[in-house]
Amino acid sequence: MMHPLNSKLLCKQQPVASVPRSHVARPAGASRRVIARTADVPLHHPHHDSLGSADAGDESRCPFLQALRTPPMVNMPWLQRVKYQVFAPAQYQAQVLKGRGEHTIVQGPRQPGFNSFFMPATGELAKAVFAEEPGGTITQGLAEKGGFRAFGTLLGEDSLLVVKDPARHAYLRALLQPAFGPDAIASYLPDIEALVSRHLATWQASGQAGVKAYGALKMLTFDFILQIVMGRSIPEQQLQHLGGLFSSLTAGLVAWPYIDIPFTPWHKALAAREELCGFFLAGCAQARQALAAGQAVPGILGRLVAAVDEQGNRLTDQEITHNLLLVLLAGHDTSSTTLTRALANLQDHPRVLQRLRQEQQQVVARHGGRISSDALKDMRYADAVVRETLRRDPVVGAVIRVATRDFALGGYGVPAGTNVLLPLRTLAETDPRWLHSTGDLAPAAFNPDRMMTPEGAKPGQLMPFGGGARYCLGAALAMAEMKTFLALLARQYAFQADTATEWKPALGYYPANGLPLVLSQLQQQQQQQQAAAACSSSSSRRCEQPQRVGCNYMRSALGYYLANGLPLVLSQLQQQQQPAAV
Ligand code: HEM
């Protein structure tokens, strides 16, 4: 027998953008009934293409779903679910690992205010979900209630992250894409290089006081994204002001309750949004004027204003503004958090840093000192360092999709309206290529070499940038930014970072101590080390008081050792004791 709701809805084509949430939820306990798996069920619903409620396990399940089994349910304390649904905490991952092998998909219990969700636990199934996207079987699954609703209000209805209708998403994405493609990135590279150099020089100028790398990288990536968007460097004061507005905007995303009362975070977020939109709208107007006068307009904004598709459509100012707010949000903390982790990884693995430096020497010899597209392509080891950092510590723990119609996944029935959670972090951790490896290849080990083998170079279950039609729009730009940072750092600087800290969950994990870091010119440090090496070879001489050059204790099985090998500068005692020549 068919569910009364379904019988009404099955024949009625419903626009995806207006999925009624009452049809999206499925009863909590109803899914426990396991229905025998049928291997040869068609992937798509044979009878209908529209959106129904189709509660799995219900007596009224539609015949298509009845032919499929429902995934087993995993337990999850609801508080954790609310807090970390997207960030996949350890307990949550353990549930998936337990289910793996026997079950390739699990489902989370329905909690008050949340729908149940299905979670594929293998890369193949995650890719199968992403593959449903262009056909519209799966769409963006950010819930339209609770905290996620704030994304719609603060970013705007035309933002890619908010648009649910697959056709509208594809239309917008096609117009936005060229501003993030290889040609565009090549044109941004001189600015990226100059900006990263400037920030590193500022870090070094702070001397022994050093910087907190986490905060300093946030400033760098915010400066970066604004400069690349606007095509010009932003004066310091304006940058600070815009940074403050942006912080208020992001604070608004978690500023429950979402009621507009003066002085509340939500009120401040709405005001900040207004001003940021004003800033971008003014930029659009200027760019349009310049284009009309036949001038080239640099930056992402210039490219978006000039973008035109095959039918002659152009992006409106509102579409540009809503997506620039998204670009600011998506392209800022993601890169800074990843680079913070990369710095800590390099500090803790001096040999990796050494390899990075050697590669940079070769790259400079082959391509010259400038950061070009060819030079970036040639940085295979730097690429591996970034990808290994993203494997061990992906910033985005999970992405959510929602089924717009019933479909089959790995022999399970996914009813329309089900949230499908793709656990990117868990997938990276359970990648079969190293799941059972030990030593250097153990999943927890930081080892960029694993990414250098032909097998490791394949994406496998590593999906830090998501997948399908909504694959991170800025992935290539982010890689260019992060590799440029590592390249310039490795070429010119030595550093000491305090990695003895707790890593706390936020977007990815951040260091509780902010990762204090002291940067110095590499040449200076190398000279000191060479001097130390030359001196230590003449061990029979009596030496002056050893000079300690920086100090960083590293934990090891046998007590503690100094990561820098305790460089010493030695000179003849006689020389030192002789009175200065008059
Ligand atoms: C380490 C850096 C970054 C990581 C790990 C990352 C990761 C992600 C992930 C996982 C998604 C969701 C994909 C999905 O739903 O399947 C996403 C979406 C997106 N990202 Fe990134 N991102 C990074 C940097 C950037 C940068 C630098 C930009 C912009 C300049 C950017 C712009 C976007 C946009 C616009 C989307 C939405 C795409 C859509 O819905 O069509 N991201 N990113």
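Scroll up a little and you will see the structure.
Residues numbered from 1 in each chain as written. Predicted model: local features only at pLDDT ≥ 70, side-chain atom pairs only at ≥ 80, totals over all residues. Heavy atoms only, no water.

**Some details on the overall build of the chain**
Part 1: The helix and strand inventory of the chain stands at 22 helices and 14 strands.
Part 2: Residues counted as buried form 52% of the 582 residues belonging to the chain.
Part 3: By sequence separation, contacts in the chain at least 24 residues apart represent 74% of the contacts at least 6 residues apart.
Part 4: Carbon and sulfur atoms provide 57% of the accessible area of the chain, an area that totals close to 26,300 Å². (Helix = DSSP H or I, 4+ residues; strand = E, 2+ residues; numbered from the N terminus. Buried < 20%, exposed > 50% of the residue type's maximum accessible area, 1.4 Å probe, protein only. Contact = heavy atoms within 4.5 Å. Areas by Shrake-Rupley, 256 points an atom, 1.4 Å probe, with all protein chains shown as cover.)

**Points about the coordination of the iron atom of the ligand**
Part 1: Within the protein, just one atom coordinates the iron atom of the ligand: C472 (SG), at a distance of 2.3 Å.
Part 2: Tracing the chain through its elements places C472 in the loop between α19 (454-457) and α20 (475-492). (Donors = N, O, S within 2.8 Å, 3.2 Å for Na, K, Ca; no water.)

**Description of the site of the ligand**
Part 1: Around the ligand there are 29 residues in total, and H169, R173, R401, G467 and C472 lie nearest to it.
Part 2: Here H169 contributes a side-chain N or O atom positioned 2.8 Å from an oxygen atom of the ligand.
Part 3: G467 is positioned with one of its backbone polar atoms (N or O) 3.1 Å from an oxygen atom of the ligand.
Part 4: Going through the elements one at a time, α7 (166-176), α13 (317-330), α14 (333-348), β5 (399-403) and α20 are the ones with two or more residues in the shell around the ligand.
Part 5: For the shell around the ligand, the per-class residue count stands at 18 nonpolar, 8 polar and 3 charged. (Near = heavy atom within 4 Å. Polar contact = N/O pair within 3.5 Å; in protein donor to acceptor, adjacent residues only side chain to side chain. Nonpolar A, V, L, I, M, F, W, Y, C, P; charged D, E, K, R; others polar.)

**Let's talk about the side chain of E359**
Part 1: The topology assignment puts E359 in helix α15 (residues 350-367).
Part 2: In this structure E359 is buried but unpaired, with R366 as the nearest side chain of opposite charge at 6.4 Å.
Part 3: Discounting chain neighbours no more than four positions away, the residues touching E359 are D378, M379, R380, Y381 and A382. (Lys, Arg positive; Asp, Glu negative; His and termini not counted. Salt bridge = Lys/Arg side-chain N within 4 Å of Asp/Glu carboxyl O.)

**Structural notes on the environment of L65**
Part 1: Structurally, L65 can be placed in helix α2 (residues 63-66).
Part 2: Taking C-alpha positions, L65 is 50 Å from G215, a pair spaced 150 residues apart along the chain.

**Describing the environment of G210**
Part 1: Relative to the elements of secondary structure, G210 occurs in the loop between α8 (182-205) and β4 (211-212).
Part 2: Residue class for G210 comes out buried when judged on its relative accessible area of 17%.
Part 3: Remark: the alpha-carbon pair of G210 and P516, spanning 306 residues in sequence, is separated by 6.7 Å.
Part 4: Leave out the neighbours within four places in its chain, and G210 touches L517 and V518.

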